[in-house]
Amino acid sequence: MSLPDEIPPVTSFVQEEMVDGATQTLAACLSRLPPIVRLRLLAFMHLVEDPAAMKAALDITPSGSMRLTLDTAVTPSPANRH
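Since the model is a prediction, treat every value here as computed from it, not as a measurement. Here the residue numbering is sequential within each chain, running from 1 through the sequence in written order. Given that this is a predicted model, residues contribute local features only at a pLDDT of at least 70 and side-chain atom pairs are listed and counted only at 80 or more, while totals for whole chains, interfaces and linings are drawn from all residues. With hydrogens and water stripped out, all remaining heavy atoms of the structure feed into the side-chain values.

Caption draft 1: Fine view of the overall build of the protein. Segments assigned H or I by DSSP are reported as helices when at least four residues long, segments assigned E as strands when at least two residues long, and all are numbered from the N terminus. What the protein contains, in helices and strands, is two helices and two strands. Its helices and strands in sequence order give the protein the pattern α-α-β-β, from N to C terminus. Counting over 82 residues, the protein shows a buried share of 2%. Residues count as neighbours in contact if any of their non-hydrogen atoms are within 4.5 Å of one another. Sequence-distant contacts, at least 24 apart, represent 19% of the contacts inside the protein between residues at least 6 apart. Put simply, the protein shows about 7400 Å² of open surface, and 64% of that area lies on carbon and sulfur atoms. Exposure is judged per residue with a 1.4 Å probe applied to protein chains only, and the accessible area is read against the type maximum: over 50% gives exposed, under 20% gives buried, and values in between give partly exposed. Every accessible area reported is derived by Shrake-Rupley at a probe size of 1.4 Å, with residue values counting cover from the shown protein chains alone.

Caption draft 2: Inspection of the pairing of strand 1 (residues 54-60) at higher detail. Each pair of strands is called paired provided DSSP finds at least two bridges between the two strands. The sheet contact formed by strand 1 and strand 2 (residues 66-72) spans seven bridges and is antiparallel. Across the sheet, Met-54 pairs through a bridge with Thr-72, a residue of strand 2. Between the end of strand 1 and the start of strand 2, which pair antiparallel, lie five residues, with Gly-64 showing a positive phi angle near 105°.

Caption draft 3: Just a nonpolar patch on the surface, in detail. Candidate patch residues must exceed 30% relative accessible area and have no salt bridge, after which like charges are joined if within 9 Å and Val, Leu, Ile, Met, Phe, Trp or Tyr side chains if within 5 Å. What makes a salt bridge here is a side-chain nitrogen of Lys or Arg within 4 Å of a carboxyl oxygen of Asp or Glu, nothing more. On the surface, Phe-44, Val-48, Leu-58, Ile-60, Met-66 and Leu-68 cluster together to form a nonpolar patch covering roughly 630 Å² of accessible area. Of all elements in the fold, only helix 2 (35-49), strand 1 and strand 2 reach the threshold of two or more residues within the nonpolar patch. Mapped onto the fold, Phe-44 is located in helix 2.

Right, dumping it as structure tokens:
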């Protein structure tokens, strides 16, 4: 049995509504985070999008604590320095 060529209009509408709701919820959650946390999240997203553009170092202590350090050659603007 093959899949239909088109997505039915009702299904497409429901998907759009779900995406809009998820986007609004995510935006609300992100706006509540401190600027440094948003910056760290953005750096991690850049690592996932283009791993070759960043250096990543993962340090694990004997107690199990982990520290992920991300570095890039791109100089941040003065507004994004912490």
